[in-house]
Amino acid sequence: MRIPLFPSLAGAALLLAAGAYAQIEGGRGVAPVDSSGDFEVSGVDVDVAGRTAQAARLGGWRLAQRKAWVQLAKRLGGDGGLVSDGTLDQLVSGIVVENEQLGPTRYIAKLGVLFNRSRAASVLGISAYSDRSRPMLLLPLQVSGGVETVFEQRTDWQEAWARFRTGNSAVDYVRPSGNGADSLLLNAGQIARPGRGWWRTVIDQYGAADILIPVVRLYRSYPGGPVIGVFQARHGPDNELIGSFTLRVGSAAGLPRLLDTGVTRMDALFQQALRGGALGVDPSLSPPPPPEPVVDPDAIDDAASGETLAEIVGDTGAANAGIPLTIQFETPGASAVANTEGLVRSIPGVRAASTTSLALGGLSLMRVTYDGDPDALRAALEVRGYQVSGSGQTLRIRRAAPAPAASASPTG
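A few points on the structure. (Residues numbered from 1 in each chain as written. Predicted model: local features only at pLDDT ≥ 70, side-chain atom pairs only at ≥ 80, totals over all residues. Heavy atoms only, no water.)

**Quick look at the overall build of the chain**
Alright, step 1. Of the regular secondary structure elements, the chain holds twelve helices and 15 strands.
Alright, step 2. Taken across its 412 residues, the chain has 36% of its residues classed as buried.
Alright, step 3. Counted over contacts in the chain with a minimum sequence separation of 6, partners at least 24 positions apart contribute 63%.
Alright, step 4. Carbon and sulfur atoms make up 55% of the accessible area of the chain, which amounts to about 22400 Å² in all. (Helix = DSSP H or I, 4+ residues; strand = E, 2+ residues; numbered from the N terminus. Buried < 20%, exposed > 50% of the residue type's maximum accessible area, 1.4 Å probe, protein only. Contact = heavy atoms within 4.5 Å. Areas by Shrake-Rupley, 256 points an atom, 1.4 Å probe, with all protein chains shown as cover.)

**Observations concerning the side chain of R175**
Alright, step 1. Inspection of the secondary structure puts R175 in the loop between β7 (173-174) and α6 (182-185).
Alright, step 2. A polar contact is formed between the side chain of R175 and the backbone oxygen of W161, at a distance of 2.7 Å.
Alright, step 3. A polar contact of 2.6 Å, which involves the side chain of R175, links it to the backbone oxygen of F164. (Polar contact = N/O pair within 3.5 Å; in protein donor to acceptor, adjacent residues only side chain to side chain.)

**Considering the nonpolar core**
Alright, step 1. With 26 residues, the main nonpolar core has W157, W161, F231 and L259 as its most contacted residues.
Alright, step 2. Element by element, the count of residues in this core is highest for helix α9 (residues 255-275), at eight residues.
Alright, step 3. When residues no more than four places from it in sequence are discounted, the contact partners of L259 are D156, W157, A160, V216, L218 and F231.
Alright, step 4. Grouped together as the second largest cluster of nonpolar side chains are 22 residues, F151, V174, I213 and V215 included. (Core = buried A, V, L, I, M, F, W, Y, C linked by side-chain atoms within 4.5 Å.)

**A look at α9**
Alright, step 1. Compared with the 30 Å implied by 1.5 Å per residue over 21 residues, the 30 Å span of α9 between its first and last C-alpha is a close match.
Alright, step 2. Taken together, the buried positions of α9 are L255, L258, L259, G262, V263, M266, D267, L269, F270, Q271 and A273.
Alright, step 3. Each element contacted by the buried residues of α9 is listed here: α5 (156-163), β7, β8 (210-220), β9 (227-235) and β10 (240-249). (Expected span 1.5 Å × (residues − 1).)

**Topic: the sheet that holds strand β15 (residues 394-399)**
Alright, step 1. The sheet built from five strands is open, its strands ordered β12-β13-β11-β15-β14 with mixed pairing. Only two strands of the sheet have a single neighbouring strand rather than two, namely β12 (350-357) and β14 (386-391). Taken pair by pair, the neighbouring strands of this sheet meet at an average axis angle of 25°, ignoring direction.
Alright, step 2. Both strand β11 (residues 323-331) and β15 contribute to a ladder of four bridges, which runs parallel. Residue F329 lies in a different strand from β15, and its bridge partner there is I397.
Alright, step 3. Packed on one face of the sheet, helix α12 (residues 374-383) meets β11, β12, β13 (362-370), β14 and β15 and runs near 160° to β14. (Pairing = 2+ DSSP bridges. Axes fitted to C-alpha atoms, helices over the stretch in contact; angles between N-to-C directions.)

**A few points about the pattern of salt bridges**
Alright, step 1. Within this structure, the stated rule accounts for ten salt bridges.
Alright, step 2. D89 is paired through a salt bridge with R62; the nearest N and O atoms lie 2.8 Å apart. On the criterion of sequence distance, the pair formed by D89 in helix α3 (residues 85-91) and R62 in helix α2 (residues 53-75) is long-range, its members being 27 residues apart.
Alright, step 3. A relative accessible area of 35% means that D89 is categorised as partly exposed.
Alright, step 4. The network of salt bridges with shared partners includes R196, D238 and D282. (Salt bridge = Lys/Arg side-chain N within 4 Å of Asp/Glu carboxyl O.)

**A short note on the packing of α5 against α9**
Alright, step 1. At a closest axis distance of 9 Å, the pairing of α5 and α9 adopts a crossing angle of 60°. The element α5 and its partner α9 pack so that their crossing is right-handed. Listed contacts from α9 to D156, W157, A160, W161 and R163 of α5 are L255, P256, L259, D260, G262, V263, M266 and F270.
Alright, step 2. The class makeup of the residues in the contact of α5 with α9 is nine nonpolar, one polar and three charged. (Left-handed = near helix turned anticlockwise from the far one by under 90°. Nonpolar A, V, L, I, M, F, W, Y, C, P; charged D, E, K, R; others polar.)

**So, the pairing of β10**
Alright, step 1. With nine bridges joining them, β9 and β10 adopt antiparallel strand pairing. Within the sheet, the bridge partner assigned to V230 lies in β10 and is T246.
Alright, step 2. Hairpin connection from β9 to β10: four residues lie between these consecutive antiparallel strands, with G236 at a positive phi of about 85°.

**Side note on the packing of aromatic side chains**
Alright, step 1. Summed over all chains, the structure comprises eight aromatic pairs.
Alright, step 2. Taken together, a centroid distance of 4.9 Å and an interplanar angle of 10° make the contact between F231 and F245 stacked. Of this pair, F231 sits in strand β9 while F245 sits in strand β10, and the two are 14 residues apart along the sequence.
Alright, step 3. Here F231 falls in the buried class, since its relative accessible area comes to 0%. (Phe/Tyr/Trp six-rings, centres within 6.5 Å; stacked < 30°, edge-to-face > 60°.)

**Digging into the environment of L137**
Alright, step 1. Mapped onto the secondary structure, L137 falls in strand β4 (residues 136-138).
Alright, step 2. Residues L137 and L212, 75 residues apart in the sequence, show an inter-C-alpha distance of 6.0 Å.
Alright, step 3. Apart from residues lying up to four places away in sequence, L137 is in contact with V174, P176, L186, V202, I203, Y206, A208, D210, I211 and L212.

**So, helix α11 (residues 334-345)**
Alright, step 1. Between the first and last C-alpha of α11 there are 18 Å, a value that for twelve residues agrees with the 16 Å anticipated at 1.5 Å per step.
Alright, step 2. Lining the buried residues of α11 we find β11, β12, β13, α12, β14 and β15.

**A short note on the environment of I213**
Alright, step 1. One can find I213 in strand β8.
Alright, step 2. Residue class for I213 comes out buried when judged on its relative accessible area of 0%.
Alright, step 3. For the pair I213 and V150, spaced 63 residues apart in sequence, the C-alpha to C-alpha distance is 9.8 Å.
Alright, step 4. Those residues in contact with I213 that sit more than four places away from it in its chain are L139, L141, I191, Q232, A233, R234, G236, N239 and F270.

**Quick notes on the environment of P32**
Alright, step 1. As for its placement among the helices and strands, P32 is situated in the loop between α1 (9-24) and β1 (39-49).
Alright, step 2. Classification of P32 as partly exposed rests on a relative accessible area of 25%.
Alright, step 3. Here the alpha-carbon distance between P32 and P176, two residues 144 residues apart in the chain, equals 8.1 Å.

Structure (structure tokens):
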């Protein structure tokens with residue numbers, strides 16, 4: 001006797017829903033440590049003695065602030081003059097401990113110092129404005145052991161980009177945290193898809209204008225042994241190669257340091273490409289332009305009716321423009337997006353329908369261009385089984401709940 005795989009369609013749907021939820025649950029990503037525009041000076045060495053360990057540490061931090069300020073002033077074109085410790089306390093927004101050794105009366109460390117951009121610029125007499133690129137969506141791809149991973153699982157490469165401070169970079173990175181729907185939208189398979197339609201939807205979801213793909217391929221000689229990283233800087237939906245380099249570390253314990261160095265070198269490649277014009281505007285990622293108004297060549301100036309050719313052309317353009325509407329709809333999964341768009345496009349009078357803001361598991365936004373009265377579109381949606389709320393050019397739709405079956409009345 002053959003036993004069916006699922007006792008019912010409801011059981012199959014429940015299993016599929018559980019599988020979809022399992023793909024996005026859990027902490028898969030790392031939020032960026034710092035996305036501010038602070039000035040950063042790293043690698044400041046200090047060696048300070050004090051009466052106590054805490055006094056030696058505070059003295060080391062004071063000395064690091066002074067050294068870092070001199071380096072920053074010279075880097076930005078100043079004379080490198082010192083300012084008072086009280087002023088530095090107002091300018092410094094953070095101390096980064098890169099390495100430290102703390103003894104009973106001595107403090108040896110390598111530190112990084114973060115300076116508030118606007119306050120430091122006012123003291124140095126320079127502009128705080130930083131000319132940066134358009135927002136670039138960052139997809140860090142790690143290939144290790146033959147497995148390609150972006151946000152499907154937490155990776156060392158993603159953590160290295162989360163640690164990177166972007167204040168000194170000319171590239172405006174948009175760094176997803178890797179949680180929620182990131183693992184579904186931004187994965188290794190998406191990088192290999194050059195289709196512009198879905199890419200436009202993805203970058204609009206994250207408020208970006210283009211895509212940057214830093215790739216690292218890790219090769220290990222043996223467990224715990226040397227690690228070789230082959231880095232590639234790539235750009236755009238066509239995965240174009242910008243540059244590459246190779247780094248090596250003597251043991252697996254040095255992998256974070258190798259990746260941090262790789263991030264710094266990768267950022268330099270992206271900045272060089274930006275200055276060289278290789279990260280220019282990709283017109284295929286911009287929304288398609290509205291259709292040109294069609295002018296009937298047989299339309300002529302009718303003196304009897306008093307209409308001029310300019311008036312006829314204007315009326316024709318207005319008629320062909322359509323009415324823009326925004327529709328909110330539920331998207332429990334990726335298939336709901338395509339299904340709802342296809343249903344709306346099938347309504348007579350709908351010229352275009354595309355999702356402009358995607359929120360899996362919540363409400364997404366669809367922009368619709370409709371020739372006719374919005375009330376007529378409302379009626380057409382209701383005929384197709386939707387409950388429609390809202391008014392004017394903003395509507396919200398949801399599937400109508402099935403009517404309960406009428407119970408049979410008892411017979412005497």
